There are 2 protein chains.
Amino acid sequence: MARIGIRQVAAEAGVSMTTVSHVLNDVPNAQVRAETRERVLLAAQRLGYTPNRMARSLRTRRTGALGLISDSIATTPYAGQLILGAQRAAQEHGYMIVLFNTEDDPVVEERELQALTDYQVDGVIYATMYHRVVSVPQALANRPLVLLDAEPADAQAVDGDKGGGVPWVVPDEVAGGRTATEELTANGHRRIGFVTNVDDVPATSGRLQGYQEALAAAGLQFDPALVISDESESWGGYRAARFLLERGDRPTALFCYNDRMAMGAYRAAAELGLRIPGDLSVVGFDDQELITLGLYPELTSVALPHFDMGYWAGERLVEVLDDTDQSAPVSRLTMPCPLVRRSSVAPV
Amino acid sequence: MARIGIRQVAAEAGVSMTTVSHVLNDVPNAQVRAETRERVLLAAQRLGYTPNRMARSLRTRRTGALGLISDSIATTPYAGQLILGAQRAAQEHGYMIVLFNTEDDPVVEERELQALTDYQVDGVIYATMYHRVVSVPQALANRPLVLLDAEPADAQAVDGDKGGGVPWVVPDEVAGGRTATEELTANGHRRIGFVTNVDDVPATSGRLQGYQEALAAAGLQFDPALVISDESESWGGYRAARFLLERGDRPTALFCYNDRMAMGAYRAAAELGLRIPGDLSVVGFDDQELITLGLYPELTSVALPHFDMGYWAGERLVEVLDDTDQSAPVSRLTMPCPLVRRSSVAPV
DNA sequence: TTGTATGCGTTATCAA
DNA sequence: TTGATAACGCATACAA
């Protein structure tokens, strides 16, 4: 049983290979008579024809594969959404996603970049699992490339700008911080603590800025004493929250850098006999359901748009690959972070 | 600049394409003179030759791609480890992993299986993110296939047995349940509650069995009243634990079906004024660091060997693909679940 | 509007 | 021990 190829379809339809190819690929130039076209389509259908991707690839010099290389797929709960988004977009355009991992190890990264080349992927999505500033590896310089949840060290372009360089998408940390804080001011809170982290990443400065903007918008004075930094873990959040809540003029609400720190803040509140949300309102960040749904009361949190970012990156890369004209419409995007309301916020 | 291929290497080395192919692929039959061999290797090196995978694939009818199709990559924190393990194994043998997703939707699954065929992957890893009993889709029946974290509905073979069917790997739920319970009996606990879930999955029955075995091994009587089932969420764990802990002869230790339920148990204990581990010892399952490290005190938990299972599945599939003799050595494996000790267990 | 013929870069068959 | 050469299945320049 000879595997059915374009040749068999041609025979079945009583036409030549060329015609079949034209019909099946919707070649723009040469036209095919509608009747012939129909015949070919039917024949292909009847025979259950599936194009041989290897042969096609050899000929077109395109594999239809997108490489997704990321720093640490294993240890973060975000990875899934990021990858799934990219996968969905790729799938919709007939591409497949091939995974690569650097494990945050330069040696491994080197090896993976080599593999990326060996496998001859058509384009690359360079992803980080936490919003980071990265310098694009030299090996990726002259390839179709999109940055996912990462921004290039030499970035400067404005939102929606062409920017000229490599497209990238990151969460809008500033707007996210604003959203979280506004939820609190909207509930009448006037003393709002910010339990933040100590790392020098875009999220740290961005969310702080959003916090300040929201305060200003509500006519509130920014008080540096209400901002406490610590490790972005549960125990860091505990320490910071405890410090804030033990003050005489304790805040009535806490905006926490992430859900882990919020988890620590819950413990601090419990130890001090403070009820949530009755005595203290709390807003987290990241919307990690393991935490937000696990805590009691369930935690209101700002979600990171991982799926959407992944999807955008996939779409964008396909655009770059498929578009004849390379007039990149948008090369940089910050995505909004939606608020997910639960039960940890109440009016003062 | 013509891309360098086997032809260029041949010219550079002053030999024929055939010879180059022979030495580069270590063809077992035809021997090449050591000196010639050296010359070819050097030429390839000097030119930085990289084989064209599409051409090779077209010829060998093998893509070097393994399809990893899973039910829900997005929503679970396990996915990363599972995928990473498989990816690592694949990588080590020169294969790449291509991702597919069913989203637990039969329609999508249908489409993805089709894609799997279109992309002509050499083999398939069918993975579920929670240990499940599955029936292998018809479309996968006659392909190189390995089940990951899933067991076929018609399974019957013994560990290490050839089994004849498709290879699969799952966690050893029984041993895991035993491990968790033994940690408690070893600390002198004699009244050990089991906060379990209501779903009919292998983990439910397996862990219960392990619990019973450990009790028996410690010479303790199994008391059905100490086993409470509820939804495997934080609030379910809360309810079940609360019920157990309010009894007059409350247990001094709790084995929880998973970390989420343990999280709820923590809350129940706190509300009842019970200190952990002073008044109550707790062991969880899954070792989800977001929870185990977030809780206070940090939760002792039994870890699911996701990375190892992924790795095994990858290795196994490659074996099936590469091995000339198809005498499958092992077709079924249950992996041990190691205990991760933290601070939630103390002697009575 | 449709058909013929060539080549993409390898591997494998056969001959030398 | 090495070298010519024929597929692999498809897309396309060119001819009809």
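Residues numbered from 1 in each chain as written. Chains lettered and ligands numbered in written order. Predicted model: local features only at pLDDT ≥ 70, side-chain atom pairs only at ≥ 80, totals over all residues. Heavy atoms only, no water.

Engineer: Can you help me understand the overall build of chain A in this one?
Structural biologist: Counting secondary structure elements, chain A contains twelve helices and twelve strands. Its C-alpha radius of gyration of 26 Å places chain A more than 25% over the 20 Å reference for a compact globule of 348 residues. Based on the C-alpha atoms only, the size of chain A along its principal axes is roughly 90 × 40 × 35 Å. Evaluated residue by residue, chain A yields a buried proportion of 54% over its 348 residues. A separation of at least 24 residues holds for 71% of the contacts in chain A among residues at least 6 apart in sequence. Accessible area for chain A stands at about 15100 Å²; split by element, carbon and sulfur atoms hold 50% of it. Positive and negative side-chain charges of chain A, numbering 31 and 45 respectively, have mean locations separated by a distance of 6 Å. (Helix = DSSP H or I, 4+ residues; strand = E, 2+ residues; numbered from the N terminus. Rg over C-alpha atoms; globule rule 2.2 N^0.38 Å. Buried < 20%, exposed > 50% of the residue type's maximum accessible area, 1.4 Å probe, protein only. Contact = heavy atoms within 4.5 Å. Areas by Shrake-Rupley, 256 points an atom, 1.4 Å probe, with all protein chains shown as cover. Lys, Arg positive; Asp, Glu negative; His and termini not counted. Charge placed at Lys NZ, Arg CZ, Asp CG, Glu CD.)

Engineer: Looking at this structure, I do not really get the UniProt feature "domain: HTH lacI-type" (unreviewed entry) in chain A. What am I missing?
Structural biologist: Under the local residue numbering, the UniProt record ascribes the feature "domain: HTH lacI-type" (unreviewed entry) to residues 4–60 of chain A. Span residues 4–60 of chain A is 68% helix and 0% strand, its end C-alpha atoms 20 Å apart. (UniProt positions renumbered as here; feature names shortened; annotations may be inferred.)

Engineer: Hey, could you run me through the sheet that holds strand S7 (residues 227–230) of chain B in this one?
Structural biologist: Remark on secondary structure: sheet strands pair via backbone hydrogen bonds, oriented parallel or antiparallel. Residue and element names in this part refer to chain B. Pairing within the open sheet is mixed, and its six strands lie in the order S7-S6-S8-S9-S10-S12. Two strands lie at the open edges of the sheet, namely S7 and strand S12 (339–340), each paired on one side alone. Of the pairings in the sheet, the one linking strand S6 (residues 192–197) to S7 comprises four bridges and is parallel in character. Note on S7: the bridge partner recorded for Thr196 is Ser229. Running at roughly 170° to S6, helix H8 (residues 202–217) makes contact with S6, S7, strand S8 (253–256) and strand S9 (281–286) of the sheet. Sitting on the sheet, helix H9 (residues 234–245) is in contact with S6, S7 and S8, with an inclination near 150° to S7. (Pairing = 2+ DSSP bridges. Axes fitted to C-alpha atoms, helices over the stretch in contact; angles between N-to-C directions.)

Engineer: Where do I start with the protein's contact with DNA strand D in this structure?
Structural biologist: Taken together, 25 residues lie around DNA strand D, and Ile6(A), Arg59(A), Thr18(B), Thr36(B) and Arg61(B) are the ones closest in. Ser16(B) places a polar main-chain atom, nitrogen or oxygen, 2.8 Å from a phosphate oxygen of DNA strand D. Contributing elements (two or more residues each) for the surface near DNA strand D: helix H2 (17–25) and helix H4 (53–60) of chain A together with helix H2 (17–25) and helix H4 (53–60) of chain B. Of the residues contributing to the surface near DNA strand D, the split by class is nine nonpolar, eleven polar and five charged. (Near = heavy atom within 4 Å. Polar contact = N/O pair within 3.5 Å; in protein donor to acceptor, adjacent residues only side chain to side chain. Nonpolar A, V, L, I, M, F, W, Y, C, P; charged D, E, K, R; others polar.)

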